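Okay, here's what each chain looks like letter by letter:
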Amino acid sequence: MFESLSDKLQGALDGLKGQGKLTDKDVERAAREIRLALLEADVNFKVVKQFVDKVKERAMGAEVLESLTPVQQFVKIVNEELTAIMGSASTKLTFSPRPPTIIMMVGLQGSGKTTACGKLAKFLISEGKSPAMVAGDVYRPAAIDQLKTLGESLNVPVYDEGDKADPVDIAKHGVEWARQKGRDVLIIDTAGRLHIDEKLMDEIHHIRNTVKPHNILLVLDAMTGQDAVNVALQFQEKVQFDGVILTKMDGDARGGAALSVRAVTGKPIKFASSGEKLDNFEYFHPDRVASRILGMGDVLSLIEKAEKTIDQKKARELEQRLRKSTFTFDDFLDQIQQVRKMGSISSLLGMIPGIPSAKLKGLQVDDKAFDKIQAVIQSMTPEERRHPEIINGSRRKRIAAGAGSDIHQVNQLLNQFKQVQKMMKQLGSGRMPKNPFQMFGNPS
Amino acid sequence: MSHNWSDVFIGVEGRTIPDPVDVEQQKRGGWLAQLRDGLAKSRKALQQQFASVMFDRFDDDLWEKIEEALIYADVGIDTTVSIVEKLEAEADSGAIKDSTGLVTRLREVTAEHFCQDDRRIDVAHTPAVILMVGVNGTGKTTTIGKIAWHLKQLGKEPLLVAGDTFRAAAVEQLSEWGSRVGCEVVKHERGGDPAAVVYDGIAAAEARKADVVIIDTAGRLHTQVNLMKELEKVARVIKKRIPEAPHEVLLTIDATTGQNGLIQARMFKEAVDITGVVLTKMDGTAKGGIALAVSHELDVPIKLIGTGEKLESLQPFDPAEFALELFGESLGRS
């Protein structure tokens with residue numbers, strides 16, 4: 001749907017390869033793209049302004065690291081600034097030394113509070129807690145039923161007083177009830193309310209003052225637009241929430257609201273919730289959302305990983321050998337191992353921008369296939385690895401037995417290798433990519 | 001202000017529904033009165049703002065301010081650019097001469113960017129079938145309650161179908177609305193096949209001579225391929241019984257939604273060919289500008305706006321009013 005930001009930046013900074021510094025003009029052009037990308041991602045326009053100014057200031061005249069292209073260098077700065085706003089580590093809940101720890105959920109209608117209650121309960125169970133829930137939404141038809149149904153499916157007790165009671169009383173009684181039942185965490189569901197609805201905002205303010213929750217979590221839809229800032233500020237003023245649960249993260253919204261809320265309230269995003277199944281709930285990783293907002297995949301971590309992992313010297317030797325067309329099974333094995341050091345192939349694919357995660361779901365990359373290839377190569381003698389042409393029928397049989405494989409697979413690998421060798425010969429006569437990793441799609 | 005709701009529905013005899021008297025609202029002067037007050041204030045602010053920034057001169061600062069107002073309202077970049085370019089062209093050609101002219105044209109051009117198709121809801125069939133779709137939490141079930149209530153006030157007999165068999169207590173929620181409105185609700189057990197409930201619902205409507213069948217569906221993200229396929233199946237099942245149905249497929253969009261709303265609408269349009277949008281939760285501070293982007297870029301009319309949780313909190317959509325409200329405080333403030 002969106003042209004990926006890396007492509008746009010690429011266009012804006014085209015022809016810069018080989019330059020040692022980002023010039024003011026480059027930065028202006030790139031900053032414009034960043035500004036548009038952030039606005040498309042629903043980051044509040046005032047936050048965008050401040051952010052882009054800051055990035056510009058840092059990027060003007062910045063040195064471009066030798067191993068990066070200007071685009072990558074710029075993205076690196078953007079990402080660092082984004083991460084600086086979002087915070088670098090996920091922040092956990094506060095648990096009271098005197099149970100029950102009280103967690104109150106607040107938010108607009110339809111942001112997913114009740115579902116989030118169920119998910120949080122399940123999450124807490126997996127952390128060894130014994131949660132209970134309070135049905136404090138007396139306004140929305142059947143909200144109480146919804147929480148009770150969730151409670152039943154999780155085997156978590158739910159306290160309710162029907163829909164005629166006062167939510168402040170319900171919460172107060174709920175805490176007493178949880179204490180008597182010996183539950184160590186109590187999650188209070190509240191009705192969805194508009195941040196400008198004074199009566200209802202006063203109501204949660206009262207609940208807050210009455211039960212004094214240890215954690216107040218604002219439930220925020222990841223699809224929220226510019227208004228997220230108003231919502232967050234109003235809830236902050238009335239209840240001083242401690243953190244945010246970002247919901248509906250399984251959609252394709254960029255979630256720029258997370259950045260806005262963090263920037264204007266300083267409150268961390270604590271959890272990310274996706275899907276309607278109760279186990280799709282986890283601590284929020286600020287660094288991940290930074291690249292999601294920008295639509296960059298995890299291109300940066302890919303860059304970093306590649307820098308760290310690939311041994312530059314080995315890569316150069318390989319290049320030399322390729323040029324001389326003496327690509328052997330040893331090189332092949334080496335290359336596989338280099339790439340695998342960076343993680344599983346499927347996770348690497350997920351990091352490459354331009355491949356939407358939805359498409360990856362259908363695509364099964366079998367990491368075991370690489371294990372088999374490795375086993376076959378390792379069953380060859382050094383002589384065989386250097387001169388694959390000597391591998392005859394009986395050698396094939398031996399190799400297959402050694403690798404716990406069959407002759408068919410050995411043949412297949414030999415054929416593939418021949419093709420790779422041929423390809424390398426052709427490449428060897430021309431220009432080779434600086435490192436073998438580039439063959440896997442590093443967009444430099 | 002009471003609307004002539006027979007103008008809102010095709011196939012309904014002339015009758016008005018008086019806006020109910022709400023004590024709470026009367027104290028505050030009523031929602032619409034409040035809106036009008038606010039609008040008057042912001043109109044003034046808007047003009048003052050313009051007068052002060054430009055002295056009858058249109059410079060980049062001014063266009064940027066307008067752009068920001070649109071972006072701030074979630075209108076999105078493409079539609080914003082389209083509006084501002086048109087105004088700039090008119091200013092260059094001399095068609096817009098002063099700040100008053102600009103304010104007027106700004107509102108007109110914005111209103112013109114909405115799809116101009118018929119905004120009425122077609123219930124001139126027996127039974128008429130309305131299918132409600134949308135992502136989770138956008139207000140489908142609540143909107144159904146409101147539409148049903150209005151139809152009932154206009155002398156139509158609605159029947160509700162609990163097609164959300166997935167979310168915990170969704171059936172109960174719709175049943176509650178049914179009893180508030182005083183109409184029948186066809187439902188199955190939770191976890192059942194939505195297509196089967198829908199089939200039974202239409203059969204029941206035909207047997208009982210209901211006028212309008214309103215079908216609730218589970219909230220789904222447009223990225224969930226299987227659920228979107230399920231929606232297509234529901235539409236097919238409806239057609240099996242009534243080939244020209246559903247007569248209306250209404251998509252609910254939450255006014256607080258950002259740019260993702262456009263993608264949502266596009267995917268729903270592809271799957272079930274939506275005939276209109278209901279913009280919900282317009283009683284908050286969100287401007288709902290995403291509706292403009294959706295209407296403009298996908299050529300779908302916005303038909304209704306939701307303004308609260310009460311049965312009567314539903315309004316026919318008016319592009320001119322919307323444009324007025326859109327530029328409320330955002331230009332006057334900064």
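Treat the numbers as computed from the prediction; the structure is a model and nothing was measured.

Draft legend 1. Seen up close, the overall build of chain A. From N to C terminus, chain A includes 20 helices and eight strands. Among the 444 residues that make up chain A, the fraction classed as buried is 52%. Sequence separation of at least 24 residues holds for 75% of the intrachain contacts in chain A that already meet a minimum separation of 6. As displayed, chain A offers around 20,100 Å² of accessible surface, 49% of which is attributable to carbon and sulfur atoms.

Draft legend 2. Molecular detail of the domain arrangement of chain B. Residues and elements named next belong to chain B. Under the domain assignment, chain B is made up of domain 1 (38-112) and domain 2 (121-318). Between domain 1 and domain 2, the residue contacts involve nine residues of the former and 13 residues of the latter. Between domain 1 and domain 2, a total of about 760 Å² is buried, with carbon and sulfur atoms accounting for 55% of that surface. Remark: the boundary between domain 1 and domain 2 carries zero salt bridges. Across the side of domain 1 that touches domain 2, the residue classes break down as three nonpolar, four polar and two charged.

Draft legend 3. Summary view of the packing of aromatic side chains. Taken as a whole and assessed by the stated rule, the structure comprises eleven aromatic pairs over all chains. Their ring planes at 80° and their centres at 5.6 Å tell us that Phe45 of chain A and Tyr72 of chain B sit as a pair that is edge-to-face. Of the two residues, Phe45 of chain A sits in helix α3 (residues 45-59) while Tyr72 of chain B sits in helix α3 (residues 60-72), which places them in two different chains. Residue Phe45 of chain A shares its accessibility class with Tyr72 of chain B, and that shared class is buried. A ring pair is formed by Phe271 of chain A and Phe281 of chain A, whose centres lie 4.8 Å apart and whose planes are at 20°; its orientation type is stacked.

Draft legend 4. Quick peek at the packing of helix α5 (residues 99-112) of chain B against helix α12 (residues 319-326) of chain B. Residue and element names in this part refer to chain B. In the contact formed by α5 and α12, the axes pass within 8 Å of each other and the chain directions differ by 125°. Taken together, the axis directions place α5 and α12 in an arrangement best described as oblique. Read as a crossing pair, α5 and α12 show a hand that is right-handed. Where α5 abuts α12, its residues Arg107, Thr110 and Ala111 lie against Pro319, Ala320, Ala323, Leu324 and Leu326. Among the residues forming the contact of α5 with α12, the class breakdown is six nonpolar, one polar and one charged.

Draft legend 5. Fine view of the interface of chain A and chain B. At the junction of the two partners, chain A supplies 35 residues and chain B supplies 39 residues. Both sides together, the interface formed by chain A and chain B hides about 3,500 Å², and carbon and sulfur atoms give 58% of it. Applying the counting criterion to the chain A and chain B interface returns one salt bridge. For the salt bridge of Lys49 of chain A with Glu68 of chain B, the shortest nitrogen-to-oxygen distance reads 2.7 Å. Run the count over chain A and chain B and you get 18 residue pairs in polar contact (both at pLDDT 80 or more). When residues of the side of chain A that touches chain B are traced back to their parent elements, those giving at least two are α2 (24-40), α3 and α6 (143-154) of chain A. Tallied by class, the residues present in the side of chain A that touches chain B amount to 13 nonpolar, eleven polar and eleven charged.

Draft legend 6. Quick look at the confidence of the model for chain A. Across chain A, the average pLDDT comes to 81, with 75% of residues at 70 or higher. Predicted confidence is poor over residues 430-444 of chain A, with pLDDT under 50, and the contacts of this stretch with residues over four places away or in other chains come to 31 contacts.

Draft legend 7. Region of the structure containing the pattern of salt bridges. Counting across every chain of the model gives 31 salt bridges over all chains. Between Lys122 of chain A and Asp279 of chain A there is a salt bridge whose closest N-O contact spans 4.0 Å. Linking Lys122 of chain A in helix α5 (residues 113-126) with Asp279 of chain A in the loop between β7 (269-273) and β8 (281-283), this pair joins segments that are 157 residues apart in sequence. For Lys122 of chain A, a relative accessible area of 33% puts it in the partly exposed group. The partly exposed category is assigned to Asp279 of chain A, whose relative accessible area is 48%. The residue Asp163 of chain A makes a salt bridge to Lys164 of chain A at a minimum N-O spacing of 3.0 Å. What makes Asp163 of chain A partly exposed here is its relative accessible area of 44%. Classification of Lys164 of chain A by relative accessible area gives exposed; the value is 76%. When salt bridges that share partners are traced, they join Lys86, Glu90, Arg105, Glu108 and Glu112 of chain B into one network.

Draft legend 8. Just the pairing of strand β9 (residues 302-306) of chain B, in detail. Residue and element names in this part refer to chain B. Most of β9 is tucked away: five of the five residues are buried. Note: strand β8 (residues 276-280) against β9, three bridges, orientation parallel. Within β9, the position partnered with Val277 by the bridge is Ile302.

Draft legend 9. How the structure looks around the pairing of strand β1 (residues 101-107) of chain A. Residue and element names in this part refer to chain A. Buried residues dominate β1, accounting for seven of its seven residues. Burial of the side chains of β1 extends over both faces: Thr101, Ile103, Met105 and Gly107 are buried on one face and Ile102, Met104 and Val106 on the other. Two elements, β1 and strand β5 (residues 215-221), share five bridges in a ladder whose sense is parallel. By the bridge assignment for β5, Met104 is matched with Ile216.

Draft legend 10. Representation of the sheet that holds strand β4 (residues 185-190) of chain A within the structure. Residue and element names in this part refer to chain A. Strand order across the open sheet formed by eight strands is β3-β2-β4-β1-β5-β6-β7-β8, with mixed pairing between neighbours. Strand pairing shows two members of the sheet lacking a second neighbour, β3 (158-159) and β8, which therefore form its edges. When β1 meets β4, the two strands line up parallel, connected through four bridges. Bridge pairing in β4 links Ile102 to Leu186. Sitting on the sheet, α6 touches β2 (131-136), β3 and β4, and the angle it makes with β2 is about 170°. Relative to the sheet, helix α8 (residues 198-211) contacts β1, β4 and β5, its axis offset from that of β1 by approximately 175°.

Draft legend 11. Focus on unusual backbone geometry. Of note, the amide linkage connecting Thr126 of chain B to Pro127 of chain B takes the cis form, showing an omega dihedral of -10°. Mapping Pro127 of chain B onto the fold places it in the loop between β2 (121-122) and β3 (128-133). Backbone torsion omega between Ala245 of chain B and Pro246 of chain B reads -5°, so that peptide bond is classified as cis. Within the secondary structure, Pro246 of chain B is located in the loop between α9 (225-241) and β7 (248-254). At Lys248 of chain A, a residue that is not glycine, the phi angle is positive and equals roughly 60°. Summarising the element assignment, Lys248 of chain A is placed in the loop between β6 (243-247) and α10 (256-265). Residue class for Lys248 of chain A comes out buried when judged on its relative accessible area of 10%. The backbone of Asp273 of chain B shows a phi angle near 50°, a positive value even though the residue is not glycine. Among the structural elements, Asp273 of chain B can be located in the loop between α10 (260-272) and β8.

Draft legend 12. The sheet that holds strand β4 (residues 158-163) of chain B, seen in detail. Residues and elements named next belong to chain B. The eight strands lie next to each other as β5-β4-β6-β3-β7-β8-β9-β10, forming an open sheet whose pairing is mixed. Here the strands that pair on one side only, and so sit at the sheet edges, are β5 (184-186) and β10 (314-316). Averaged over all adjacent pairs, the angle separating strand axes in this sheet is 25°, with direction ignored. Bridge analysis of β9 against β10 gives three bridges, and the strand direction is antiparallel. Across the sheet, residue Gly306 finds its bridge partner in β10, namely Leu314. Contacts between helix α8 (residues 194-208) and the sheet are confined to β3, β4, β5 and β6 (212-217), with β4 contributing the most and set at about 165° to the helix.

Draft legend 13. Inspection of the environment of Val376 of chain A at higher detail. All names here are of chain A. Inspection of the secondary structure puts Val376 in helix α17 (residues 367-378). Separated by 38 residues in sequence, Val376 and Leu414 have C-alpha atoms that sit 9.9 Å apart. Residues within four places of Val376 in sequence aside, it is in contact with Ile399, Ala403, Ser405, Val410 and Leu413.

Rules used throughout
Residues numbered from 1 in each chain as written. Chains lettered and ligands numbered in written order. Predicted model: local features only at pLDDT ≥ 70, side-chain atom pairs only at ≥ 80, totals over all residues. Heavy atoms only, no water. Helix = DSSP H or I, 4+ residues; strand = E, 2+ residues; numbered from the N terminus. Buried < 20%, exposed > 50% of the residue type's maximum accessible area, 1.4 Å probe, protein only. Contact = heavy atoms within 4.5 Å. Areas by Shrake-Rupley, 256 points an atom, 1.4 Å probe, with all protein chains shown as cover. Domains from an automatic or database assignment. Buried area = accessible area lost by both parts, 1.4 Å probe. Salt bridge = Lys/Arg side-chain N within 4 Å of Asp/Glu carboxyl O. Nonpolar A, V, L, I, M, F, W, Y, C, P; charged D, E, K, R; others polar. Phe/Tyr/Trp six-rings, centres within 6.5 Å; stacked < 30°, edge-to-face > 60°. Axes fitted to C-alpha atoms, helices over the stretch in contact; angles between N-to-C directions. Parallel < 35°, antiparallel > 145°, perpendicular 65-115°, else oblique. Left-handed = near helix turned anticlockwise from the far one by under 90°. Polar contact = N/O pair within 3.5 Å; in protein donor to acceptor, adjacent residues only side chain to side chain. pLDDT = per-residue confidence, 0-100. Pairing = 2+ DSSP bridges.

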